[in-house]
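What follows is each chain in one-letter form.
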Amino acid sequence: PPADLPRYDFAINLDVCGHTAHVVQQATWTNTGKKPVEQLVFNVHSHFTPPKTRQEIEQFSKLLELFRLPAREALYFHNAFTLHKVERLTKAGDEWKRDELKHQWHKDLATALIVVLPEPVKPGGSVAVSLSYTIELPQRQGRWGQWKGVTFLSNWHPVLAIHDDEGGWQPTPFIPYHQPWFNEAGVFTARVRVPR
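Presented here is an overview of the structure given in this document. (Residues numbered from 1 in each chain as written. Predicted model: local features only at pLDDT ≥ 70, side-chain atom pairs only at ≥ 80, totals over all residues. Heavy atoms only, no water.)

## A short note on the overall build of the chain
Rules: Only DSSP runs of H or I with at least four residues qualify as helices, and only runs of E with at least two residues qualify as strands; both kinds are numbered from the N terminus onward. Exposure categories follow from relative accessible area, calculated using a 1.4 Å probe and restricted to protein chains: below 20% of the type maximum is buried, above 50% is exposed, and the middle band is partly exposed. Working rule for contacts: check all heavy atoms of both residues, and any pair within 4.5 Å makes them a contact. Every accessible area reported is derived by Shrake-Rupley at a probe size of 1.4 Å, with residue values counting cover from the shown protein chains alone.
When its secondary structure is counted, the chain shows 2 helices and 14 strands. When burial is assessed residue by residue, the chain has 40% of its 196 residues classed as buried. Here the contacts in the chain between residues at least 6 apart in sequence split such that 67% fall between residues at least 24 apart. For the chain, the exposed surface amounts to about 11500 Å²; the carbon and sulfur share of it is 52%.

## What about the pattern of salt bridges?
For the record, the criterion: Between Lys or Arg on one side and Asp or Glu on the other, a salt bridge is scored when a side-chain nitrogen of the former is within 4 Å of a carboxyl oxygen of the latter.
Counted under the stated rule, the structure contains 5 salt bridges. A salt bridge links Glu 119 to Arg 88, with the nearest nitrogen and oxygen atoms 2.9 Å apart. Residue Glu 119 is located in strand β7 (residues 109-121), and its partner Arg 88 is located in strand β4 (residues 81-92); the two are separated by 31 residues in the primary sequence. For Lys 107, the salt bridge identified is with Asp 108, shortest N-O distance 3.3 Å. Neither Lys 107 nor Asp 108 differs from the other in exposure class; each is exposed. Overlapping salt bridges, with partners in common, bring together Lys 85, Glu 87 and Arg 98 in one network.

## Structural notes on the sheet that holds strand β8 (residues 126-136)
Two modes of strand pairing occur in sheets, parallel and antiparallel, and in both the strands are linked by backbone hydrogen bonds. What counts, and what does not: Each pair of strands is called paired provided DSSP finds at least two bridges between the two strands. Fitted lines through C-alpha atoms give the axes, limited to the stretch in contact for helices. The angle between two N-to-C directions lies from 0 to 180 degrees.
Taken in spatial order, the 6 strands of this open sheet run β5-β4-β8-β2-β1-β14, and their pairing is mixed. What marks the edges here is a single partner per strand, and that holds for β5 (95-100) and β14 (187-193). Across the sheet, the axes of successive neighbouring strands diverge by a mean angle of 25 degrees, strand direction being ignored. Here strand β1 (residues 7-15) pairs with strand β2 (residues 20-30) via 9 bridges, running antiparallel. In the sheet register, Asn 13 faces β2, and the bridge partner there is His 22.

Here is the structure:
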């Protein structure tokens, strides 16, 4: 794969009985543009806010009928994603130095995580960050959760949004009934710890 693709390295502790996944994720991004970049933006679809009002619940229930899913088996009512911290990683000899970074959720898009960098990434330069988070696995059918003895995680983890010099970062919303995704290709590795 091209050397400038984003790289994602996961350490996942999957607690099946506790209905959670505890994750430390390293993401490395290379600036392929011609301008310095001062922040990273991740699409975090599992930070999606489920329906809250009666009207929203009724709308989602009708959408689920299109997939032949009863609402009681697929609707859940709180965010599955909890972010604990974001750190910048810099190599210091044979060790990684960690500095905690400021981050915030985009005010108009609850699934876009903005990570402020201490200094801009120059064209051709790279930055590595570590995200520590927990995913709750609702006992429902869907992209992430558990149902009838099956645990599933689909498009659940933070991925870097598309970035270019003209549009900057282009985070995309999570739409529960929509299949396509708009992300940069990446190189992924994972170590997963599961119960016996």
